[in-house]
Structures are given as C-alpha cells and as structure tokens.
Amino acid sequence: MQTLYKYSDTHNKSFECICFNTEDASFPIELHWHYFGEMLLLLKGKLVLQIDTKWYNLEKGDFIFIFPETVHGIFSADGEPAEFLVIKFDYEKLPELSEKIMISNPSVHTELNKPEIHFDADSVNINGIDILFRECFDEYTEKGFGYEAIIRGNVQKILIILIRIWKKTGEFIIDSGKNVNTEYELYGITEYIDKHSNEPITVTDIARLCGMSYSNFAKKFREMYGISCKEYIDKIKIMKIENLLACTNYDLNYISQETGYADCSHMIRVFKKVHNMTPKEFRNEARRIQQDKVKSDN
C-alpha cells in the first residue's frame, strides 16, 4: 500500500542540509509528508511546489517554508534544470522556540489564519535569510568545530525572522497542546490515517484509538488540524489518487482499492466533485504536461 508519510531520522540528527540538482537526482519529488520542518532556497531555475492543496511558483532566489506534517511535492515549472538548497530540521530539538510556539500544529496554517510561507528574492535578501541559509550549507559541508551549533543558531534566526513577520502581519503562533497520553496521541494520528487510508476507517474508530469520545475527539481534531477528521481522511485519499494517476499506470479499479473506496464508480464521483474532471481526464492532463517537459528537455 502506498503511503505519503516519509520516515525522518529525528532520533540521530536534528537537521539535514541538502543541495538538490534536478539533473543529478530523482525528480520530481512526489507528494509526501514528514515530522520535520523544511526550508527551501531556489538557486537556479523555476519550481512549482504543491503544499496541501495550494500551488506555489518559485523563481531564482525565492524561499519557502514547509510546516511539519504538511503534504508537499516539488516539480519543475518549465522542464529546465533547477538547483535548490533544503534544510530539514526537528523544531522540538530547538528548546528556545519549541517551548513558546507550536510550529507543527496545522491549525496555525488553516485558511483562516494562514501565515505567508513563500518569500520572493527581494524579501529574502532584505531579511538576510539567504546569508543564513548559505552559511548553514558551508558549515554542513566543511563540518568544522562547532558546526552543529552554528547551523542550529542560524535555523533559529530564520524561524525568528519568520515569526516576527507573521506577528507583524497579524498571523499568530499558538502554544503546544500536546498533552494526550493514549495508545495513539492526537498529535500523531495523521500517520495512522495515512497508513490505513485504504481501509474503511471511521472517525469513531480513530477516536477510540485515542481514548476519547467521538464528540471530544472531533472537536480536538478540528482545533488542532483546522478541518474535520472526515475531511482530512478524504483529503489524504484524493492526494493518493492524484499521485497514482500521475506517476503510475495502475487502472482505476486498482486505485480505488488502494485508496479505500468501496468501488471504482464511487471514487470517480468523489474525485470529479473535487477536481471538476474525471480521474481519466486528470491522468491525460498529467501525461500531457510530462510529455511537454520531455520535449522541452530535448
């Protein structure tokens, strides 16, 4: 079964710096999510990022911040080579900030109070984010004495810059509410949903796993994630369908089983309601875009 969750080794390292060249590595980067936060600085070319259900177009010098537990994918905007720097970090190992804010709580970035995560090159330069970002990579490459402390400090500085911008524009950060101590914590239940989305799971079942009543669980889930649990399950299913249509040749019957729908016709109705096109039309459009990319590469 396909899952969108991507394992991150948070126990052995609190950050990772990657220089990604689309000509040297597997690309595009398909939809996935993880418990790490992620920051990206585009050095060359053009990119399109899907983050949850929103799309971002990045030009050279642009910066984007990706919240933990957010489904995202990275794609070429024009079929030309691109190069970008990525820093993944475990914010819980930054105690000076994690005690005050709850960056990973998706209620921070619901449609009601969505903080700006995409910054153009001018804004990046003005705020000094590019200098801090590049210094992290220099330190990570050379690994001189104290390099981890310098990277950790720079990541904290970038986060503080973002938080100050969000506060100035009225977008706010809330305190952590992770205090559930049950078989499955409410905070991590999204991983369970991802792994079991091909099964007929219900909100009642998930609430029971968290040791909560249906009504209390539904209220807490919406507070934490900004949408209902049922809406979240449906969103994960749709994203998996998109991924399978665009990246595989599986037929619709297989895809409907893989994403937990009772039958293919039900999946088609749900998908069409979301996208205003059938899964077949979506696949044809995705293939057309991929063919145009190959032609442009040649």
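The structure presented is a predicted model; accordingly, all values stated were derived computationally and were not measured.

**Regarding the sheet that holds strand β9 (residues 118–119)**
Pairing within the open sheet is antiparallel, and its five strands lie in the order β1-β8-β3-β6-β9. Unpaired on one side and paired on the other, β1 (15–21) and β9 mark the two borders of the sheet. As paired strands, strand β6 (residues 63–66) and β9 are joined by two bridges and run antiparallel to one another. Within β9, the residue paired with F63 across the bridge is F119. Contacts from helix α4 (residues 147–168) reach β1, β3 (37–44), β6, β8 (83–89) and β9 within the one sheet, and its direction differs from that of β6 by about 90°.

**Some details on unusual backbone geometry**
Note that the residue after F27, namely P28, is joined by a cis bond; omega there is 5°. In this model, D52 sits at a positive phi of 55°, which is unusual for a non-glycine residue. Within the secondary structure, D52 sits in the loop between β4 (47–51) and β5 (54–58). Look at D52 and you get buried, because its relative accessible area is 17%. Despite not being glycine, E69 shows a phi value in the positive range, around 65°. Mapped onto the fold, E69 is located in the loop between β6 and β7 (72–76).

**A word on the nonpolar core**
Formed by 46 residues in total, the largest nonpolar core has its most connected members in M39, L40, L47, F63, F65, F84 and F133. Mapped by element, the contributors of at least two residues to this core are β1, β3, β4, β5, β6, β8, α3 (129–142) and α4. Contact partners of L40, with chain neighbours within four places excluded, come to L47, L58, D62, F63, I64, I74, F84, L85, V86 and F133. L4, A207, C210 and Y225 belong to the second largest nonpolar core, which has 25 residues in total.

**Quick word on the sheet that holds β7**
The strand order β2-β7-β4-β5 describes an open sheet built from four strands, whose pairing is antiparallel. One side of each edge strand has no neighbouring strand; the edge strands of this open sheet are β2 (29–32) and β5. Put simply, the sheet's adjacent strands are angled 20° from each other on average, direction ignored. Looking at chain direction, β2 and β7 are connected through two bridges and run antiparallel. Bridge pairing links I29 to I74 in β7. The sheet strands contacting helix α8 (residues 229–247) are β2 and β4, and the helix crosses β2 at an angle near 160°.

About the cut-offs
- Residues numbered from 1 in each chain as written.
- Predicted model: local features only at pLDDT ≥ 70, side-chain atom pairs only at ≥ 80, totals over all residues.
- Heavy atoms only, no water.
- Pairing = 2+ DSSP bridges.
- Helix = DSSP H or I, 4+ residues; strand = E, 2+ residues; numbered from the N terminus.
- Contact = heavy atoms within 4.5 Å.
- Axes fitted to C-alpha atoms, helices over the stretch in contact; angles between N-to-C directions.
- Buried < 20%, exposed > 50% of the residue type's maximum accessible area, 1.4 Å probe, protein only.
- Core = buried A, V, L, I, M, F, W, Y, C linked by side-chain atoms within 4.5 Å.

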